[in-house]
Amino acid sequence: MRIDGALAGPQDQAMTENFTGSFTQQEPIPEEGIAGAVAIMQTGRLHRYNTAPHEVSQTALLEEEFAASVGAAYCLAVASGGYAMATALRACGVKHGDTVLTNAFTLAPVPGAIAAVGGVPIYVGVTPDLVIDLEDLAGKLDRARVLLLSHMRGHICDMDRLMALCNAAGVTVIEDCAHTMGAAWDGTPSGRWGKFGCYSTQTYKHINSGEGGLLISDDADGMARAIILSGSYMLYEKHRAAPPPETFAQIKYETPNISGRMDNLRAAILRPQLRDLATQARRWNDRYRVLETGLADTPGLRLIPRPDKEHFVASSFQFLLLDWAADAVADVLRRCAARGVELKWFGGAEPTGFTSRYDSWRYAPSPPMPQTDRVLAGIIDMRLPLTFSLDDCALIARIIRAEVSAVYQRPAAAQ
Ligand SMILES: *Cc1c(COP(=O)(O)O)cnc(C)c1O
């Protein structure tokens, strides 16, 4: 297979090619997952606690395997990533009216999880490298007991520094790993730095069960609370990645049931995908590197640096058109869309699709954040499904490069 880099192909060819793939088309569920799902349906035992004598449920096995894959003591499978985050917040004792620090650059389920427990988000800014602004965080640590840290779009900040800051201030960290399943910072998996790690298994994430979530922790009391919260009907002894039964002695009386369990059908679909995760991560990153190479040194376009310590899983791609005029950015999006390349913009005044921003969450108002606004106004975001080939990625890069260059060269494109 020949991979065209940015330098290959004459300019006039680059101006006429179109892309015809779908940015929302994921790969099929692996055959083994389909067979596992059919087998569960044939038993009729879809509920995680509905097991035959001596049978271990698919959900309990998934929890055990996921915990082992990241080296966590405990794991709980739940109904969604949003549910995992809200449960982690509740298990940390966040109550109505409590403030919670979180990223200004993230997606709606994150402030939504805080709102679900009656919490009040305090947003922390984003840097041009698309990670949480640690200076801004340092100045806000005295305003909350908990940080819900979103590794938004898979960009991981300096976790050693973040944990040192939070530990010194007595702030508990919960990690939103919706975009970092399989990723790590300096060899420690994302999700293993904070008290809880929260994952999503929704269709657009790294493993796909339509909807679903996973929660990990080494904290026995916290995980016991999470298990009771999820709706365990005192059947926690059927789990295989749960704290010992004595941990539940008091907690089972003090903790409400807020049902949000995973079921065996989803778990059966997920288990073979979890085994393939490292391979899939490599395939995603191969695609990412083709795009990155194809877009290198495009005038007016800033690629996002990826530090050596960051082991990422590139299920999406971002770049910045920093300090561009809004109509010039809109023009790039229009021109790329006309050639089949679907880009999303976090700078739009109104929330469209998933690109809502902190000032569109009016239930959780925030003072303006000018430095963050400058970055958000330049963020261009693209999905990178594994149904794209490396050639597809090279073509997409040629199209973006040509259209960004065409608009940038016009007078007054940049402010
Ligand atoms: C998808 C996502 C979640 C969790 O989403 P669910 O749809 O509830 O599984 C959390 N955070 C981010 C940043 C996400 O993109």
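## A short note on the overall build of the protein chain
- Scanning the protein chain from N- to C-terminus turns up 14 helices and 14 strands.
- Taking 2.2 N^0.38 as the reference for a compact globule, 415 residues should give roughly 22 Å; the C-alpha atoms of the protein chain span a radius of gyration of 22 Å, in line with that estimate.
- By the burial criterion, 55% of the 415 residues in the protein chain qualify as buried.
- Looking at the protein chain as shown, the accessible area adds up to about 17,000 Å², and 52% of this sits on carbon and sulfur atoms.
- Where the 39 positive side-chain charges of the protein chain centre and where its 46 negative ones centre are 3 Å apart.

## Some points on empty space enclosed by the protein
- Inspection of every chain in the model, using the stated rule, returns one cavity of 30 Å³ or more.
- Estimates place the volume of the largest cavity at around 70 Å³.
- The wall of the largest cavity is formed by 15 residues, among which Asn103, Leu130, Val131, Ile132 and Ser150 lie closest to the centre.
- A class-by-class count of the residues in the lining of the largest cavity yields ten nonpolar, five polar and no charged.

## Comments concerning the sheet that holds strand β10 (residues 302-303)
- Here four strands make up an open sheet; going across it, the order is β10-β12-β14-β13 and the pairing antiparallel. One side of each edge strand has no neighbouring strand; the edge strands of this open sheet are β10 and β13 (344-345).
- Across five bridges, the pairing between strand β12 (residues 316-320) and strand β14 (residues 379-383) is antiparallel. Residue pairing for β14: Gln318 is matched across the bridge by Asp381.

## Focus on the layout of surface pockets
- Quantified by volume, the largest pocket comes out at close to 480 Å³.
- If you go around the largest pocket, you meet 30 residues; those closest to its centre are Leu107, Arg153, His179, Gln202 and Lys205.
- Mapped by element, the contributors of at least two residues to the lining of the largest pocket are α4 (81-91), α5 (109-116) and β8 (196-200).
- Of the residues contributing to the lining of the largest pocket, the split by class is 14 nonpolar, eleven polar and five charged.
- In this structure, the lining of the largest pocket is formed jointly by two domains, domain 1 (2-27 + 277-408) and domain 2 (31-275), each of which donates at least three residues.

## Description of the site of the ligand
- Inspection of the region around the ligand gives 15 residues, with Gly81, Gly82, His179, Ser200 and Lys205 positioned closest.
- In the model, an oxygen atom of the ligand is placed 2.8 Å from a nitrogen or oxygen of the Gly82 main chain.
- Contacts to the ligand include His179, whose side-chain N or O atom sits 2.7 Å from an oxygen atom.
- Isolated, the ligand exposes 380 Å² of accessible area, and the fraction of that covered by the protein chains is 90%.
- Cavity membership is defined here by more than half of the atoms lying within 2 Å of grid points; on that basis the ligand lies in the largest pocket.

## Let's talk about the confidence of the model for the protein chain
- When pLDDT is averaged along the protein chain, the result is 94; 94% of the residues meet or exceed 70.
- Low pLDDT (under 50) marks residues 1-10, which in the prediction has twelve contacts with non-local residues, meaning those over four places away or in another chain.

## Notes on the sheet that holds strand β4 (residues 146-150)
- The sheet built from seven strands is open, its strands ordered β1-β9-β8-β5-β4-β2-β3 with mixed pairing. The open sheet has two edge strands with one neighbour each: β1 (74-78) and β3 (120-124). Put simply, the sheet's adjacent strands are angled 20 degrees from each other on average, direction ignored.
- Across two bridges, strand β2 (residues 99-103) lies against β4 in parallel orientation. The residue bridging Leu101 from the neighbouring strand is Leu147, located in β4.
- The sheet contacts of α4 involve β1, β2, β4, β5 (172-176), β8 and β9 (213-217), and relative to β8 the element is tilted by about 165 degrees.
- Contacting β1, β8 and β9, helix α8 (residues 220-231) runs over the sheet at an angle of about 20 degrees to β1.

## Some points on the pairing of β3
- Burial analysis of β3 places four of its five residues in the buried class, the great majority of the element.
- Where β2 lies against β3, five bridges are found, and the strand directions are parallel. From the neighbouring strand, Asn103 faces β3, where its bridge partner is Val124.
- Since β2 and β3 lie parallel, the crossover through α5 that links them has a hand, and here it is right-handed.

Criteria and cut-off values
Residues numbered from 1 in each chain as written. Predicted model: local features only at pLDDT ≥ 70, side-chain atom pairs only at ≥ 80, totals over all residues. Heavy atoms only, no water. Helix = DSSP H or I, 4+ residues; strand = E, 2+ residues; numbered from the N terminus. Rg over C-alpha atoms; globule rule 2.2 N^0.38 Å. Buried < 20%, exposed > 50% of the residue type's maximum accessible area, 1.4 Å probe, protein only. Areas by Shrake-Rupley, 256 points an atom, 1.4 Å probe, with all protein chains shown as cover. Lys, Arg positive; Asp, Glu negative; His and termini not counted. Charge placed at Lys NZ, Arg CZ, Asp CG, Glu CD. 1 Å grid on protein atoms, 1.4 Å probe; cavity = no way out; pocket = protein on both sides within 12 Å on 5 of 7 lines; lining within 4 Å. Points joined across faces, edges and corners; volume = space filled by probe spheres on them. Nonpolar A, V, L, I, M, F, W, Y, C, P; charged D, E, K, R; others polar. Pairing = 2+ DSSP bridges. Domains from an automatic or database assignment. Near = heavy atom within 4 Å. Polar contact = N/O pair within 3.5 Å; in protein donor to acceptor, adjacent residues only side chain to side chain. Sits in = over half its atoms within 2 Å of the grid points. pLDDT = per-residue confidence, 0-100. Contact = heavy atoms within 4.5 Å. Axes fitted to C-alpha atoms, helices over the stretch in contact; angles between N-to-C directions. Right-handed = clockwise from strand over helix to strand, strands pointing away.

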